[in-house]
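Each chain is listed here by its residues.
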Amino acid sequence: MTPLRVVVLIAAALFGCATVSPQHIEAWRAPVVSPHGGTPLRVMTFNIKSGLYGLEKVAQVIQEAKPDVVALQEVDIGAMRSGQVDQPAQLAAATGLLNRTYFQATTKSHGAYGVALLSRFPLEAPSQYRLPAPHGLEPRTLGHAVVRMGDQEVSLYVTHLTQMPFRDGTRA
């Protein structure tokens, strides 16, 4: 069995890192990916901006999209700026996507800051890879986990790319 690779990238990297508040997000359904024509997998990505607009609003947008898997960026655990809460745990409970894994990129506001995956399916074999970043800039990370759909393994990846251009062409 060859693992099927599904790369989940952040919307900010795809759309020029534009900031959109939740009240400006129209009804949207997550796209469907069918591994080798099998069971559909609905995938979503969301930069939650450390809950700046409220985790309730983030949870509402996720629920309306009805994804099976969500890749989250700018996620805090225990940070002062976000009320010292475990954001992945709160979002998992609020959305029903109870399987979660978190990948810390750095420390901000006296807490963990990074990316996360939420899923309807169990997340197996989580692993984390540090990405190169120019000296003095925010550290970047790549998170990976596997879900099983029938006899297929689906690899999920989450990262948070920067919008800043670098002289050497690096975007990490």
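One can find the structure itself at the top, above this paragraph.
It should be emphasised that the depicted structure is a prediction, and the values quoted were computed from it without experimental measurement.

A. Spotlight on the overall build of the chain. The helix and strand inventory of the chain stands at 3 helices and 9 strands. The order of helices and strands in the chain, counted from the N terminus, is β-α-β-β-α-β-α-β-β-β-β-β. Across the 172 residues of the chain, 47% fall into the buried class. Restricting to contacts in the chain with at least 6 residues of sequence separation, those with at least 24 account for 61%. Accessible area of the chain: about 8900 Å², with a carbon and sulfur share of 54%.

B. Quick look at the packing of helix α2 (residues 55–65) against helix α3 (residues 87–95). The geometry of α2 relative to α3 is characterised by a closest axis approach of 9 Å and an angle of 50° between their N-to-C directions. Judged on the interaxial angle alone, α3 and α2 are oblique. Both α2 and α3 take part in a crossing whose hand is right-handed. Residue-level inspection shows Leu55, Val58, Ala59, Ile62 and Gln63 of α2 in contact with α3, the latter providing Gln87, Gln90, Leu91, Ala94 and Thr95. Taken together, the residues of the contact of α2 with α3 sort by class into 6 nonpolar, 4 polar and no charged.

C. The pairing of strand β3 (residues 41–47), seen in detail. With 6 of its 7 residues buried, β3 lies for the most part within the structure. The handedness of the β3 to strand β4 (residues 69–77) crossover, carried by α2, is right-handed.

D. Broad picture of the pattern of salt bridges. The final tally for this structure, using the stated rule, is 6 salt bridges. Put simply, Arg120 and Asp68 hold a salt bridge, and the shortest N to O gap is 3.3 Å. Highlighted residues: Arg120 in the loop between β6 (111–119) and β7 (124–131) and Asp68 in the loop between α2 and β4, separated in sequence by 52 residues. Residue class for Asp68 comes out buried when judged on its relative accessible area of 13%. Taking the shortest distance from any N to any O, the salt bridge between Lys108 and Glu138 comes out at 2.6 Å. You can see Lys108 sitting in strand β5 (residues 99–108) and its partner Glu138 sitting in the loop between β7 and β8 (140–149), a full 30 residues away along the chain.

E. Quick look at unusual backbone geometry. Not every positive phi belongs to a glycine, and Ser109 is a case in point at roughly 50°. Along the chain, Ser109 falls in the loop between β5 and β6. The exposure class of Ser109 is partly exposed, given its relative accessible area of 28%. Of note in this structure, His110 is not a glycine but carries a positive phi near 65°. Mapped onto the elements of the fold, His110 is located in the loop between β5 and β6. Its relative accessible area of 72% is what places His110 among the exposed residues.

F. Examining the nonpolar core more closely. Judged by nonpolar contacts, the single largest core of 19 residues is most densely connected at Phe46, Ile48, Ile62, Leu72 and Leu91. Elements with a contribution of two residues or more to this core: β3, α2, β4, α3 and β6. Once residues within four sequence positions are removed from consideration, Ile48 is found in contact with Leu55, Val58, Leu72, Gln73, Glu74, Val75, Gln87 and Leu91. By size, the runner-up hydrophobic cluster in this structure holds 14 residues, among which are Val43, Phe103, Ala145 and Val147.

G. How the structure looks around the side chain of Thr159. Among the structural elements, Thr159 can be located in strand β9 (residues 152–159). Among the polar contacts listed, one links the side chain of Thr159 to the backbone oxygen of Thr141, at a separation of 2.7 Å.

H. Examining the environment of Arg140 more closely. The residue Arg140 is located in strand β8 in this model. Overall, Arg140 belongs to the buried group, its relative accessible area being 9%. The spacing of Arg140 and Gly114 is 26 residues in sequence and 8.2 Å in space, taken between C-alpha atoms. One polar contact links Arg140 to Glu138, side chain to side chain, over a distance of 3.3 Å. At a separation of 2.9 Å, a polar atom in the side chain of Arg140 contacts the side chain of His160.

Conventions adopted
- Throughout, a residue's number is its position along its own chain's written sequence, starting from 1.
- In keeping with the model being predicted, local features are shown solely for residues with a pLDDT of at least 70 and side-chain atom pairs are shown and tallied solely at 80 or more, while totals for entire chains, interfaces and linings include all residues.
- Side-chain figures throughout are based on the complete set of non-hydrogen atoms in the structure, without hydrogens or water.
- Under the DSSP-based scheme used, a helix requires at least four consecutive residues in state H or I and a strand at least two consecutive residues in state E, with every element numbered from the N terminus.
- With a 1.4 Å probe rolled over the protein chains alone, any residue whose accessible area is under 20% of its type maximum counts as buried; one over 50% counts as exposed, and the rest are partly exposed.
- In what follows, residue pairs with any heavy atoms lying within 4.5 Å of each other are defined as contacts.
- In short, Shrake-Rupley with a 1.4 Å probe defines the accessible areas, and a residue's cover is counted only from the protein chains shown.
- To obtain an axis, a line is fitted to C-alpha atoms, over the contacting stretch when the element is a helix, and the angle between two such axes runs from 0 to 180 degrees between their N-to-C directions.
- Should an angle fall under 35 degrees it is called roughly parallel, over 145 degrees roughly antiparallel, and 65 to 115 degrees roughly perpendicular, with every other angle called oblique.
- Should the near helix be turned anticlockwise from the far one by less than a right angle, the crossing is termed left-handed; should it be turned clockwise, right-handed.
- Basically, the charged four are Asp, Glu, Lys and Arg, the nonpolar ten are Ala, Val, Leu, Ile, Met, Phe, Trp, Tyr, Cys and Pro, and anything else, Gly included, counts as polar.
- With strands facing away from the observer, any crossover in which the path from the first strand over the helix to the second runs clockwise is taken as right-handed.
- Between Lys or Arg on one side and Asp or Glu on the other, a salt bridge is scored when a side-chain nitrogen of the former is within 4 Å of a carboxyl oxygen of the latter.
- In this description, a nonpolar core means a group of buried Ala, Val, Leu, Ile, Met, Phe, Trp, Tyr and Cys residues linked to one another through side-chain atoms lying within 4.5 Å.
- Side-chain atoms alone can form a polar contact between residues adjacent in sequence; in general such a contact is a pair of N or O atoms within 3.5 Å, and within protein one must be able to donate a hydrogen while the other accepts it.

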